[in-house]
Amino acid sequence: MFSLSEVRRPIKWYLFGLIAFVGIVSSLIVLIYNDHFLLGDPVHPNNDDVKYIQSARLLLNEGVLAYNTKEAPSAFIMPGLPLMLSGFMAVFGQEQGGVVAFRLFQCLLQAFCIYLIFWIGYRTFNTRAALIACTVSAFYPPDYFSSGVILSETTFRTLLLLLVCCTILAMDRDGPALYVLIGVLTAAAAYFKPHASLYPAVLLIIWLRMKLPWRTMLKYTLFIGGTYVLLLTPWWIRNWVTFHEFILFTNSGGSPFLLGTRIRWQLPPAGFFEAYPQYDPETIFQGADSTAIRKGLDILRYGFTHEPMKYLYWYTLGRWVELYFHPFYSRPFWPISRPVMDHIQVVMMYVNMAGILWAVTKNRLKLDRLLPLLLALAYFTLIYIPFVAFNRYGYPNMTLLILFGSYLIGDMISRVLRRSHLRSERKGACAS
C-alpha cells in the first residue's frame with residue numbers, strides 16, 4: 001500500500017540505512033539509560049508513566065482497569081496504553097522485563113516512522129524533502145526520549161502518520177477497504193487519545209474540494225463510522241457494566257479544560273477569588289467533569305473580562321508556543337543537554353513555520369497535494385485550544401512540521417545547486 005517502487009535504489013539503501021540506524025541507536029539508548037527515562041517514582045506513583053505501569057499490573061493480575069483510584073475500577077483514562085503494556089508484561093514479566101520489552105517495541109515504531117515520513121514527504125513534496133525530513137528525524141533527540149518513556153506518544157505518532165498516509169491515498173484511490181482501514185486507525189488512536197475521533201472531518205474537507213457526490217461521501221462516512229463504532233463498543237460496554245452509565249471516552253474530560261486555563265501554571269488573575277469566594281486557591285484545580293468545567297468557565301469569564309489580551313494570546317499564539325516551541329525532552333541524555341535542545345527546538349520551529357509559508361505560497365496551484373498535511377496539523381493543533389496544551393501533546397505533530405521545514409531546506413539547496421550549475425555553464429561558454 002505504501003510502496004516506494006518508483007524510488008531509485010541508492011535512495012532506498014540510504015532510507016533503509018536510516019531506519020536501521022534509528023532502530024539500533026534507540027534500542028541502545030533505552031537499554032543503557034533504562035529507568036533514567038522514568039518521570040515519576042515507581043514506589044509512590046506520582047506521574048503518568050509510573051501510574052500506567054501500576055495500572056498495567058493491576059489489569060494483568062486482577063482484570064481491573066484503574067487509574068488514580070487504587071484498585072477500584074475507573075474510566076479516568078482510555079485503556080490503550082495499559083492494555084498494550086500489560087500484554088508485554090504477560091510475556092516478559094511484570095518487573096523490568098515487560099517494561100524494557102515495551103520500550104524496545106517503541107524503538108521499532110520509531111524506526112518504522114522513518115519509512116512513513118519518507119513516504120509522506122515523497123508523495124507530498126519530492127525525494128529531496130523526504131530524505132531531509134528522515135535525516136532530521138533520525139537525529140532528533142526527543143524521538144529517542146519518546147522511545148524510552150512509558151507514555152502513549154510514540155504509538156500515537158505512528159497512528160497519526162498512518163492516518164496521514166491513508167488520507168493521501170484516499171485522494172487517489174477508491175473502494176471501501178481504505179476507509180475501513182481509516183476507521184480502524186481512528187478507533188485505535190482514540191483508545192490512546194480520544195480527541196483523535198473527529199479526525200475523519202479532515203476527509204470531509206478533502207471530499208468537498210474534490211467535489212465527490214454526496215452519496216459517495218455518505219458511503220465512505222458509513223464505512224469509517226461503522227468500523228469506529230464497532231471497535232469502540234467493547235469500551236462502552238465495559239463502562240456500562242461497571243458504572244451503569246454511558247461514558248463515551250473518559251469521565252475526566254473536565255480536568256484538561258480546567259488545567260488549560262492556567263497561564264504558565266499560575267493561579268487565576270488577582271481578584272478572581274474575591275469575585276468568586278466559593279473557590280479556594282488550594283483546591284481550585286482539583287476535581288473533574290462538571291465541577292471542573294464550571295470552574296474553568298468562571299476563570300475564563302473573569303480572565304477575558306479583566307485581562308482580555310493576556311487570555312486571547314494564551315488561547316491562540318500561546319497554545320502554538322506551548323505545543324511546539326518546547327521540546328518533549330524531559331530526561332536529557334548525552335550529548336544533548338536540555339538547554340541545548342531548547343535552542344535547537346526554537347531554530348527548528350522557525351524553519352518549520354517558514355516552510356509552511358513557503359509551501360503554501362509556492363505551491364498555491366497545488367494546494368490539494370498539501371491538504372492532508374495541513375489539515376492534520378491544523379486539526380491536532382486546534383483540538384487543544386480549549387484544553388491544556390504542552391510539549392508532550394505537541395510532540396506527535398513535530399514530524400508534520402519537520403516535513404514542511406525539510407521542504408524549505410531542500411528547495412533552498414536546489415536553488416543554490418541550480419545557480420552554481422548555471423555559473424559553471426556560463427564560465428564554460430566564455431572559455432570556449
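I will try to describe carefully the structure that is included in this document. Bear in mind the structure is a predicted one, so any value in this text is a computation, not a measurement.

### Some thoughts on the overall build of the chain
In step 1: Helix and strand counts for the chain come out as 18 helices and zero strands.
In step 2: Its C-alpha atoms give the chain principal-axis dimensions of roughly 90 × 55 × 55 Å.
In step 3: Across the chain, contacts joining residues at least 24 apart in sequence account for 74% of those joining residues at least 6 apart.
In step 4: Surface summary for the chain: the accessible area is close to 20,600 Å², and the carbon and sulfur share equals 66%.
In step 5: Taking the average location of the 37 positive side-chain charges in the chain and that of its 24 negative ones, the two points are 14 Å from each other.

### As for empty space enclosed by the protein
In step 1: Taken as a whole and assessed by the stated rule, the structure comprises one cavity of 30 Å³ or more.
In step 2: Considered as a void within the structure, the largest cavity measures approximately 70 Å³ in volume.
In step 3: Lining of the largest cavity is provided by L259, G260, R262, R264, W265, W314, R319, E322, F387, V388, A389 and F390.
In step 4: Here the residues of the lining of the largest cavity sort into seven nonpolar, one polar and four charged.

### Details of the pattern of salt bridges
In step 1: Summed over all chains, the structure comprises twelve salt bridges.
In step 2: Here R123 makes a salt bridge to D172, at a shortest N to O gap of 2.4 Å. With R123 in helix α4 (residues 96-124) and D172 in the loop between α7 (153-170) and α8 (176-190), the pair connects residues that are 49 residues apart, well separated along the chain.
In step 3: On the basis of relative accessible area, R123 is assigned to the partly exposed category, the value being 29%.
In step 4: Here the residues in one salt-bridge network are D48, E153, K193 and R392, joined through shared partners.

### What about the side chain of S146?
In step 1: Residue placement: S146 occurs in helix α6 (residues 141-148).
In step 2: Within the local environment of S146, its side chain forms a polar contact with the side chain of T154, the two groups lying 2.5 Å apart.
In step 3: Among all residues touching S146, those that are not within four sequence positions of it are Q106, Q110, E153, T154, F328 and Y395.

### Here's the deal with the nonpolar core
In step 1: Among the nonpolar cores identified, the biggest contains 106 residues, and F2, F118, I120, F125 and V164 are the most heavily contacted of them.
In step 2: Setting aside residues no more than four positions away along its own chain, F125 makes contact with I120, A359, R369, L370, L373, L403, F404 and Y407.
In step 3: In terms of nonpolar packing, the next biggest core, distinct from the first, is built from 15 residues, L258, I263, A292 and L300 among them.

### Re the state of the cysteines
In step 1: A complete count under the given rule lists zero disulfides for this structure.
In step 2: Looking at C107, it has no disulfide partner, and the nearest cysteine sulfur is the one in C113, 12 Å off.
In step 3: The exposure class of C107 is buried, given its relative accessible area of 0%.
In step 4: The cysteine C165 is free of any disulfide, with C166 supplying the nearest cysteine sulfur at 6.8 Å.
In step 5: In this structure C165 comes out as buried when scored by relative accessible area, which is 0%.

### A few points about the side chain of T155
In step 1: Turning to its location among the elements, T155 is positioned in helix α7.
In step 2: On the basis of relative accessibility, which here comes to 6%, the residue T155 falls in the buried class.
In step 3: In this structure, T155 is in contact with M84, L109 and F192, ignoring residues within four places of it in sequence.

### A few points about the packing of aromatic side chains
In this description, an aromatic ring pair is defined by two values, namely the gap between the centres and the angle between the planes.
In step 1: Within this structure, the stated rule accounts for 36 aromatic pairs.
In step 2: Relative to F105, the ring of F88 has its centre 5.3 Å away and its plane inclined at 45°; by these criteria the two rings are tilted. In this pair, F88 is assigned in helix α3 (residues 80-92) and F105 in helix α4, connecting sequence segments 17 residues apart.
In step 3: Owing to a relative accessible area of 26%, F105 belongs among the partly exposed residues under this scheme.
In step 4: Three or more aromatic residues joined by ring pairs make a cluster, and in this case those are Y33, F37, F145, F328, Y329, F333 and Y395.
In step 5: Of note, R262 hangs over the ring of F285, and the distance from its end group to the ring centre comes to 4.3 Å.
In step 6: The ring of Y315 carries the charged tip of R319 above its face, separated from the ring centre by 4.4 Å.

### Observations concerning the environment of S86
In step 1: Among the structural elements, S86 can be located in helix α3.
In step 2: Note: C-alpha distance between S86 and G121 (35 residues apart in sequence) is 35 Å.
In step 3: Beyond its immediate stretch of four places on either side in the chain, S86 contacts A56, L59 and L60.
In step 4: A distance of 2.8 Å separates a polar atom in the side chain of S86 from the backbone oxygen of L83.

### Re a positive patch on the surface
In step 1: A grouping of R128, K362, K366, R369, R418, R419 and R423 is seen on the molecular surface, where their side chains present a positively charged patch.
In step 2: At three residues, helix α18 (residues 391-431) tops the list of elements feeding residues into the positive patch.

### Focus: the packing of α8 against helix α10 (residues 214-243)
In step 1: The N-to-C vectors of α8 and α10 enclose an angle of 40°; their axes lie 8 Å apart at closest approach. Viewed along their axes, α8 and α10 adopt a mutual orientation that is oblique. Taken as a pair, α8 and α10 cross one another with a handedness that is right-handed. Each of P176, Y179, V180, I182, G183, V184, T186, A187 and A190 in α8 lies in contact with α10, whose residues at this interface are Y220, F223, I224, T227, Y228, L231 and L232.
In step 2: Considered class by class, the residues forming the contact of α8 with α10 number 13 nonpolar, three polar and no charged.

Calculation rules
Residues numbered from 1 in each chain as written. Predicted model: local features only at pLDDT ≥ 70, side-chain atom pairs only at ≥ 80, totals over all residues. Heavy atoms only, no water. Helix = DSSP H or I, 4+ residues; strand = E, 2+ residues; numbered from the N terminus. Contact = heavy atoms within 4.5 Å. Areas by Shrake-Rupley, 256 points an atom, 1.4 Å probe, with all protein chains shown as cover. Lys, Arg positive; Asp, Glu negative; His and termini not counted. Charge placed at Lys NZ, Arg CZ, Asp CG, Glu CD. 1 Å grid on protein atoms, 1.4 Å probe; cavity = no way out; pocket = protein on both sides within 12 Å on 5 of 7 lines; lining within 4 Å. Points joined across faces, edges and corners; volume = space filled by probe spheres on them. Nonpolar A, V, L, I, M, F, W, Y, C, P; charged D, E, K, R; others polar. Salt bridge = Lys/Arg side-chain N within 4 Å of Asp/Glu carboxyl O. Buried < 20%, exposed > 50% of the residue type's maximum accessible area, 1.4 Å probe, protein only. Polar contact = N/O pair within 3.5 Å; in protein donor to acceptor, adjacent residues only side chain to side chain. Core = buried A, V, L, I, M, F, W, Y, C linked by side-chain atoms within 4.5 Å. Disulfide = S-S within 2.5 Å. Phe/Tyr/Trp six-rings, centres within 6.5 Å; stacked < 30°, edge-to-face > 60°. Lys NZ or Arg CZ within 6 Å of the ring centre and 35° of its normal. Patch = residues over 30% accessible without salt bridge, like charges linked within 9 Å, V, L, I, M, F, W, Y side chains within 5 Å. Axes fitted to C-alpha atoms, helices over the stretch in contact; angles between N-to-C directions. Parallel < 35°, antiparallel > 145°, perpendicular 65-115°, else oblique. Left-handed = near helix turned anticlockwise from the far one by under 90°.

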